[in-house]
There are 2 protein chains.
Amino acid sequence: MAAEVGAARRNRQWLLARRPVGMVSESDFELVERPVPEIGPGEVLGRVRWLSFEPAMRGWMDERPSYVAPVELGAPMRAPGLAEVVASNDPAYAPGEVVFGMMSWSEYVTGRWSAETVGRGYRQVPADVPTEQVLGPLGSTGLTAYVGMLDVGRPEPGNTVVVSGAAGATGSVAAQIARIKGCRVVGIAGGAEKCRWLLDEARLDAAIDYKSEDIGSRLRQTCPDGVDVYFENVGGAALEAVLDNLAHGARIALCGLISGYNDAEAQPGPRNLFQLIVQRASIQGLLLWDFVHRIPEAFAELRRWVEAGEIAYRVDVQEGFEHIPRTFLRLFSGANEGKQLLRL
Amino acid sequence: MAAEVGAARRNRQWLLARRPVGMVSESDFELVERPVPEIGPGEVLGRVRWLSFEPAMRGWMDERPSYVAPVELGAPMRAPGLAEVVASNDPAYAPGEVVFGMMSWSEYVTGRWSAETVGRGYRQVPADVPTEQVLGPLGSTGLTAYVGMLDVGRPEPGNTVVVSGAAGATGSVAAQIARIKGCRVVGIAGGAEKCRWLLDEARLDAAIDYKSEDIGSRLRQTCPDGVDVYFENVGGAALEAVLDNLAHGARIALCGLISGYNDAEAQPGPRNLFQLIVQRASIQGLLLWDFVHRIPEAFAELRRWVEAGEIAYRVDVQEGFEHIPRTFLRLFSGANEGKQLLRL
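Residues numbered from 1 in each chain as written. Chains lettered and ligands numbered in written order. Predicted model: local features only at pLDDT ≥ 70, side-chain atom pairs only at ≥ 80, totals over all residues. Heavy atoms only, no water.

Draft legend 1. The pattern of salt bridges, seen in detail. All names here are of chain A. This model, assessed by the stated rule, comprises 42 salt bridges over all chains. In this structure, aspartate 62 engages arginine 64 in a salt bridge whose closest nitrogen and oxygen atoms are separated by 3.3 Å. Here arginine 64 falls in the partly exposed class, since its relative accessible area comes to 43%. Through salt bridges with shared partners, one network takes in Glu193, Arg196, Asp200 and Arg314. (Salt bridge = Lys/Arg side-chain N within 4 Å of Asp/Glu carboxyl O. Buried < 20%, exposed > 50% of the residue type's maximum accessible area, 1.4 Å probe, protein only.)

Below, the structure is given as structure tokens:
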């Protein structure tokens, strides 16, 4: 069966053509057409239906050491997404099933999905959950927000919680979880429209527009007793400003540092790490992979909150295989309004 | 009785004359002579016998917010030390007793010692412990090393532990505790003589001389499996180099950042905080005051180790009231060999 598909169709792919220096651009990728590969023993052939875009993918394009191997030059760009099983030599995956996992910027993907290691696991998508939720608040960004806020940030009712990138896919879920847990929540985001969404839809207590406001003075206004929990997606000026406004024993859940992902040269860090001593505060780096045991509970609880309207979310759905690179770039200009997805 | 002393003697004091800009100098202090004050209800008069010098005292001279109020301009410089009770209106302290606590650069000090808050408490010195141990490995620097290494760093046998400022009062105790606990320990210090002491006397596994060696390449050599625990006293280049060499799940106990204490302008932080995400590592700021409940056990265990020769230590004893400011400055030129003390 795989051979028939392979003979019948071509597989378009976006390859990583060069390692970006500084800001990633469309010219860092190259469009090619290749035969759909045949599958070997234990392998599955999937047709990619949806792709998900995350800032962390920018780091996968660099050669510096990170938590995953870099995408190789000339290989299709790696990306999470949904694929429909077209052919399978693995009894765990049947044709017609829709599977979430690490795909690539390709029309067809193959792999030994059952052999993939924990954290990069491939799992069937429940048929009764909308795709935009599976890839949005119930996807890896939402799950990361859940464990990052609850297991690392550990907010207590009445705490003051600040979230940067608060209108983004991860930050918006993290901020609303803190609100649900009885905290005062201040979101930092770029632009009046995002800040309006944070107040009106996500129902946070305050929003700081880093594009038009001074983060430090707004933090002093909105967090007079200091910041108990900071969920960090951004870094840069936001981190430095929050460090100057920590409460005693504050916890910083370090999820991302998007402000630096496109820097050709790494930028200096905050000048005021000494505030960690002054306030006996901590910074803890986190990745979802370390919390795989928490995913079933996180998925179920997030699903309840989304269905009850407790967690608002937005997805930004682009269309068409040819628009994949420019859709990715939307993350770094801040053009995306909510979780960035693309439907093939 | 206090009145008699007050009438009979003059009290020399070193006052904070101006807030230093950049490196502290002797001219930031002013020597004055005043009457020994009379004591009121609940107060104690002590004659200062020993003063202890710690890098953190530099921060107390600045006006920026920190974990204690700044020393006021025109007030005697605050400093930990030992005083002998001369007169007392507090039944908890009897004349002749020797008391450890927060004193000042004065010949005589007064205070309501029983009313001082936790962490700044005044306690009698056990008569059977040498003064140089009380102010050295069993003093606040040694106790900080104990809780910082064991409660914050949490090393496990076989771990690779790195300590900066490893020949200093705090670092030397922290490093040897890790060695006692079965870790491989690498110390970072300035100069061949200090590194020799780390290897021969403190019996660490390796020493890195930051004055003549590249910290990063030496860390890669000496810690091929990465750094599990980092006890940080220094900051700057050492912190950045260690961040690039973390093991998965590494813990950084942030005790001090002496490299920046004399900067007129705060220097940028490490460029590579993203490594905290890559390795799911943490930085935790610490002060001894949060571990007051641990002090009796810490003191007893450190005392056993010191008496058994398991913890080597050095004290650098200067003499004479008039040499107080220049003794303090020894900390920042690295001239001190071990815990810096002064006997009055």
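Still more ground to cover, so stick around.
Draft legend 2. Quick peek at the pairing of strand β13 (residues 282-285) of chain A. Sheet analysis places strand β12 (residues 246-254) of chain A next to β13 of chain A, joined by four bridges and oriented parallel. Each bridged residue has a counterpart across the sheet, and for alanine 253 of chain A the counterpart in β13 of chain A is glutamine 284 of chain A. Across three bridges, the pairing between β13 of chain A and strand β13 (residues 282-285) of chain B is antiparallel. Looking at the pairing, serine 282 of chain A lines up with glutamine 284 of chain B of β13 of chain B. (Pairing = 2+ DSSP bridges. Helix = DSSP H or I, 4+ residues; strand = E, 2+ residues; numbered from the N terminus.)

Draft legend 3. Structural detail: the relation of the copies chain B and chain A. By a simple turn and slide, chain B fits onto chain A: the slide is 0.0 Å along the axis, the RMSD is 0.1 Å, and the turn is 180°. Taken together, the rotation angle and the small translation identify this as a two-fold axis. When each C-alpha of chain B is compared by its distance to the rotation axis, glycine 269 of chain B comes out closest, at 2.0 Å. Comparing contact sets, 100% of the residues at the interface of chain B also lie at the interface in chain A, consistent with an isologous, same-surface contact. (Least-squares fit on C-alpha atoms with pLDDT ≥ 70 in both. Contact = heavy atoms within 4.5 Å.)

Draft legend 4. Examining the sheet that holds strand β10 (residues 206-209) of chain B more closely. The strand order across the open sheet built from 12 strands is β10(A)-β9(A)-β8(A)-β11(A)-β12(A)-β13(A)-β13(B)-β12(B)-β11(B)-β8(B)-β9(B)-β10(B), with neighbouring strands paired in mixed fashion. In the strand order of this sheet, the two ends are held by β10 (206-209) of chain A together with β10 of chain B, each with one partner. Looking at each pair of strands side by side, their axes are set apart by 15° on average, direction ignored. When strand β11 (residues 227-232) of chain B meets strand β12 (residues 246-254) of chain B, the two strands line up parallel, connected through five bridges. Looking at β12 of chain B, one finds that valine 229 of chain B is bridged to arginine 251 of chain B. Sheet strands touched by helix α5 (residues 169-180) of chain A: β8 (160-164), β9 (184-189) and β11 (227-232) of chain A. Its angle to β8 of chain A, the strand with the most contacts, is close to 170°. In the packing of helix α7 (residues 215-222) of chain B onto the sheet, the strands contacted are β8 (160-164), β9 (184-189) and β10 of chain B, and the crossing angle to β10 of chain B comes to about 170°. (Axes fitted to C-alpha atoms, helices over the stretch in contact; angles between N-to-C directions.)

Draft legend 5. Here's a closer look at unusual backbone geometry. All names here are of chain A. The residue arginine 154 is not glycine, and still its phi comes out positive at about 45°. By the secondary structure assignment, arginine 154 is in the loop between α4 (140-153) and β8. Relative accessible area serves as the criterion here: at 44%, arginine 154 is assigned to the partly exposed category. At arginine 280, a residue that is not glycine, the phi angle is positive and equals roughly 50°. Here arginine 280 lies in the loop between α9 (275-278) and β13.

Draft legend 6. Summary view of α5 of chain A. Residue and element names in this part refer to chain A. Between its first and last C-alpha atoms α5 spans 17 Å; for 12 residues at 1.5 Å apiece the expected length is 16 Å, and the two agree. Burial analysis of α5 places 11 of its 12 residues in the buried class, the great majority of the element. Within the span of α5, buried status applies to Ala169, Thr170, Gly171, Ser172, Val173, Ala174, Ala175, Gln176, Ile177, Ala178 and Arg179. Positive backbone phi, approximately 90°, marks glycine 182, located one or two places after α5. (Expected span 1.5 Å × (residues − 1).)

Draft legend 7. Just the interface of chain B and chain A, in detail. Counting residues at the interface gives 32 residues for chain B, matched by 32 residues for chain A. Both faces combined, the contact of chain B with chain A buries some 2,700 Å², and carbon together with sulfur accounts for 62% of it. For the chain B face of the interface with chain A, the top three residues by lost area are Arg271, Ile277 and Arg280 of chain B, together amounting to 24%. Our count for the chain B to chain A interface comes out at two salt bridges. Between aspartate 290 of chain A and arginine 280 of chain B there is a salt bridge, with the nearest N and O atoms lying 2.7 Å from each other. Where chain B meets chain A, there are 12 residue pairs in polar contact (both at pLDDT 80 or more). (Buried area = accessible area lost by both parts, 1.4 Å probe. Polar contact = N/O pair within 3.5 Å; in protein donor to acceptor, adjacent residues only side chain to side chain.)

Draft legend 8. Representation of the pairing of strand β4 (residues 78-88) of chain B within the structure. All names here are of chain B. With nine of 11 residues buried, β4 is to be regarded as a mostly interior element. As paired elements, strand β3 (residues 44-52) and β4 share seven bridges and run antiparallel to each other. Within β4, the residue paired with leucine 51 across the bridge is glycine 81. Examined bridge by bridge, β4 and strand β5 (residues 98-104) share seven bridges and lie antiparallel to one another. By the bridge assignment, proline 80 is partnered in β5 with methionine 102.

Draft legend 9. Inspection of the packing of aromatic side chains at higher detail. All names here are of chain A. Enumeration over the complete set of coordinates arrives at 24 aromatic pairs over all chains. Note on tryptophan 14 and phenylalanine 321: the rings are 6.5 Å apart at their centroids and 20° apart in plane angle, and the pair reads as stacked. Here tryptophan 14, found in strand β1 (residues 10-16), pairs with phenylalanine 321, found in the loop between β14 (315-319) and α11 (324-333); they are 307 residues apart in sequence, far enough to count as distant. For phenylalanine 321, a relative accessible area of 3% puts it in the buried group. Here the aromatic rings of tyrosine 93 and tryptophan 113 are separated by 5.3 Å at their centres, their planes lie at 90°, and the arrangement is edge-to-face. Residue tyrosine 93 is located in the loop between β4 (78-88) and β5 (98-104), and its partner tryptophan 113 is located in the loop between β6 (108-111) and β7 (123-124); the two are separated by 20 residues in the primary sequence. With respect to class, tyrosine 93 is no different from tryptophan 113; both count as buried. Positioned above the aromatic ring of tryptophan 60 is the side chain of arginine 78, whose terminal nitrogen or guanidinium carbon lies 5.4 Å from the ring centre. (Phe/Tyr/Trp six-rings, centres within 6.5 Å; stacked < 30°, edge-to-face > 60°. Lys NZ or Arg CZ within 6 Å of the ring centre and 35° of its normal.)

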